Protein chains: 2
Amino acid sequence: MAHKIKSNPNRPLILITNDDSIYSKGIRSLIDAVKHLGDVVVIAPSLPQSGMGHAVTLHEPLRLTEIKRFEGILASYACSGTPVDSVKIARDVVLDRKPDICLSGINHGSNSSINVIYSGTMSAAVEAGIEAIPSVGFSLSDHIADADFELSAEVVAKITKEMLENPQKMPILLNVNIPNIKKEELKGYKICRQAVAKWEEEFEQRTDPRGSIYYWLTGKFKNYDHQTDTDEWALANGYVSIVPVQFDLTNYKAMDVLNNNWHLND
Amino acid sequence: MAHKIKSNPNRPLILITNDDSIYSKGIRSLIDAVKHLGDVVVIAPSLPQSGMGHAVTLHEPLRLTEIKRFEGILASYACSGTPVDSVKIARDVVLDRKPDICLSGINHGSNSSINVIYSGTMSAAVEAGIEAIPSVGFSLSDHIADADFELSAEVVAKITKEMLENPQKMPILLNVNIPNIKKEELKGYKICRQAVAKWEEEFEQRTDPRGSIYYWLTGKFKNYDHQTDTDEWALANGYVSIVPVQFDLTNYKAMDVLNNNWHLND
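Residues numbered from 1 in each chain as written. Chains lettered and ligands numbered in written order. Predicted model: local features only at pLDDT ≥ 70, side-chain atom pairs only at ≥ 80, totals over all residues.

Draft legend 1. Here's a closer look at the interface of chain B and chain A. At the junction of the two partners, chain B supplies 67 residues and chain A supplies 67 residues. Sorting elements by how many residues they give to the side of chain B that touches chain A places helix α7 (residues 252-261) of chain B first, with 7 residues. Split by residue class, the side of chain B that touches chain A holds 38 nonpolar, 17 polar and 12 charged. (Contact = placed C-beta atoms within 7 Å. Helix = DSSP H or I, 4+ residues; strand = E, 2+ residues; numbered from the N terminus. Nonpolar A, V, L, I, M, F, W, Y, C, P; charged D, E, K, R; others polar.)

Structure follows, in structure tokens:
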């Protein structure tokens, strides 16, 4: 394959991706925070892919372009597709072995609660999880392009080190969100569950210069969950939230309800 | 709002969408199978959106175009965005109240097992579930554009009727897959869990007329789960598979592992 790179079997192989594109500040902060822990390969989207969820590109081919903008890493490529495409093509086309860990981010903006489903950052991490690769999506609760990733860099290094040093039989997949506070304000780390919350959509209606109506998706995030064991609570109270994530979407409780109350086979 | 429709409060309001586009055969079969059960409003993508997962459109506006190709329904619009966009804009812009049920499909091709995550059809149903709307994604194990939806139509009508007649306190969200067999070969309906399976990617490398390399995503579906309580088993053995789905991705078991073994707060 044209883009295959040769990894060092004696060093951890770290795959890095994101959804804000390979040109974002967040991915550079992530690379800088972990490159001392292993050999880094970056495959990240060439264009911003926020909100792409678990989309894959079926109707167009993908391209990889070598991008030389990071020091001290093995290789970096821009991928013309989605975050999930980036992980798939990394695994099959670029890497010569399964990476020891996949890190996605650092996202500009939080991906707590239900955003795990909409987020390209988290979907890339989930895709690595499906491939049985230990994986973490990192997000900072600050949307601005020039966000301050100083605290995030410390969090990323600490969690990545912990994961590399404690390999589990069932690879761990994490959604990590970092509050937008100063280093000295951080209260600690909390293992959390995903809060029950959702977006309340409000489409903004406009009229184009030719008189046709179009709509912009906007919305307000509403947290309906006021327990203290959630990622939303942790973030609001000065903690890094860590939600272990899985991809079995079966609603096991509802199986009993259906088996007891429905009569489709009568 | 320009596209708001007026619903009849005395009839069930049925929202229909899909990911193969409003021009597919599958959505017409779905509409025809349920329009006697309530008032149908269709909002479906104007272009094929297979594999779009839970993507939402953030960087472009959305447009709705009225499409008059179905008889005996309240309204139908093509949406320029994704399946999830279609559900969001239906709820906020088009419908005057929460629909009693949302149906997505009938997909050309199965969406069993891990495909619940990649599938635009299922992601639309999940989005309705997040909005607390009872919801079902229907898929037929046959990819061809002119697939035979005769058995599917019966399955769709039966499940939709059952859901409308048995409203639950916690709205039910289902992933229904229909085997590609004749009506008389159907063995029945099975409530299942999502099988442990995944795609083994193989990118096909090509060279364009200008000498640059590009890649097509291809892959083989591999089922690693040989238990008899899965959707894969049901489909392979002549049953309609029904997997109740949820969208709390927390890995609760891993919370204990992390709390007991990690020492991030030391």
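Draft legend 2. Geometry of the relation of the copies chain B and chain A. Superposing chain B onto chain A takes a rotation of 180° combined with a translation of 0.0 Å along the rotation axis, leaving an RMSD of 0.0 Å. Classification of the inter-copy transformation places it as that of a two-fold axis. Of the residues that chain B buries at the interface, 99% are likewise interface residues in chain A, meaning the two copies contact each other through the same surface. (Least-squares fit on C-alpha atoms with pLDDT ≥ 70 in both.)

Draft legend 3. Summary view of the environment of B:Y239. All names here are of chain B. Within the element layout of this structure, Y239 appears in strand β11 (residues 239-244). Judged by the 21 C-beta atoms lying within 10 Å of it, Y239 is buried. When the C-alpha atoms of Y239 and K187 are compared, they prove to be 5.3 Å apart, with 52 residues separating the residues in sequence. For Y239, the residues in contact, after removing those within four places along its chain, are K187, G188, Y189, K190 and A234. (Buried ≥ 20, exposed ≤ 12 C-beta atoms within 10 Å, placed from the backbone.)

Draft legend 4. How the structure looks around unusual backbone geometry. Residue and element names in this part refer to chain A. Looking along the chain, the bond that leaves G105 and enters I106 is cis, with omega of -15°. Tracing the backbone through its elements, the reader meets I106 in strand β5 (residues 101-108). The backbone of S21 sits at a positive phi, close to 95°, despite the residue not being glycine. With respect to the helices and strands, the residue S21 is situated in the loop between β1 (13-17) and α1 (25-34).

Draft legend 5. Just the sheet that holds strand β4 (residues 75-79) of chain B, in detail. All names here are of chain B. If you walk across this open sheet you meet the 9 strands as β3-β4-β2-β1-β5-β6-β7-β11-β8, and the pairing is mixed. The sheet is open, and its two edges are formed by β3 (64-66) and β8 (188-191), each paired on a single side. Sheet twist, expressed as the mean angle between neighbouring strand axes with direction ignored, is 20°. Relative to β4, β3 runs antiparallel, the two sharing 3 bridges. (Pairing = 2+ DSSP bridges. Axes fitted to C-alpha atoms, helices over the stretch in contact; angles between N-to-C directions.)

Draft legend 6. Structural detail: the packing of helix α1 (residues 25-34) of chain B against helix α5 (residues 150-165) of chain B. Residue and element names in this part refer to chain B. As a packed pair, α1 and α5 sit with axes 9 Å apart at the nearest point and diverge in direction by 50°. Taken together, the axes of α1 and α5 lie oblique to each other. Taken as a pair, α1 and α5 cross one another with a handedness that is right-handed. Where α1 abuts α5, its residues S29, L30, D32, A33 and V34 lie against S152, A153, V156, A157 and T160. Class assignment of the residues belonging to the contact of α1 with α5 gives a composition of 6 nonpolar, 3 polar and 1 charged. (Parallel < 35°, antiparallel > 145°, perpendicular 65-115°, else oblique. Left-handed = near helix turned anticlockwise from the far one by under 90°.)

Draft legend 7. Examining the pairing of β1(A) more closely. Residues and elements named next belong to chain A. Across the 5 residues of β1, 5 count as buried, placing the element largely inside the fold. Burial along β1 is two-sided: L13, L15 and T17 facing one way and I14 and I16 facing the other are all buried. Relative to strand β2 (residues 39-45), β1 is paired through 4 bridges, and the arrangement is parallel. Considered in β2, the bridge of I16 is made with V42. Following the chain from β1 across α1 to the adjacent parallel β2, one finds a crossover that is right-handed. With 4 bridges joining them, β1 and β5 adopt parallel strand pairing. Residue pairing for β5: I16 is matched across the bridge by L103. (Right-handed = clockwise from strand over helix to strand, strands pointing away.)

Draft legend 8. Fine view of the packing of helix α2 (residues 83-94) of chain B against helix α4 (residues 120-130) of chain B. Residue and element names in this part refer to chain B. The N-to-C vectors of α2 and α4 enclose an angle of 30°; their axes lie 8 Å apart at closest approach. As summarised for this structure, α2 and α4 are arranged roughly parallel, according to the angle between their axes. Considering the relative orientation of α2 and α4, their crossing is right-handed. Contacts between α2 and α4 involve P83, V84, S86, V87 and K88 from the former and G120, T121, S123, A124, E127 and A128 from the latter. Per-class residue counts for the contact of α2 with α4 are 5 nonpolar, 4 polar and 2 charged.

Draft legend 9. Highlighting the pairing of strand β6 (residues 135-140) of chain B. All names here are of chain B. Within β6, 6 of the 6 residues are buried, leaving the element largely enclosed by the surrounding structure. Here β6 shows two buried faces, one formed by S135, G137 and S139 and the other by V136, F138 and L140. The pairing of strand β5 (residues 101-108) with β6 spans 5 bridges and is parallel. By the bridge assignment for β6, L103 is matched with V136. Pairing of β6 with strand β7 (residues 173-178) involves 6 bridges; the strand directions are parallel. Paired with G137 across the bridge in β7 is N175. A crossover links β6 with its parallel partner β7, the connecting element being α5, and its sense is left-handed.

Draft legend 10. Structural detail: the environment of A:K35. All names here are of chain A. Relative to the elements of secondary structure, K35 occurs in the loop between α1 and β2. In sequence terms K35 and C102 are 67 residues apart; their C-alpha atoms lie 13 Å from each other. Setting aside its immediate chain neighbours within four residues, K35 contacts V40, G72 and I73.

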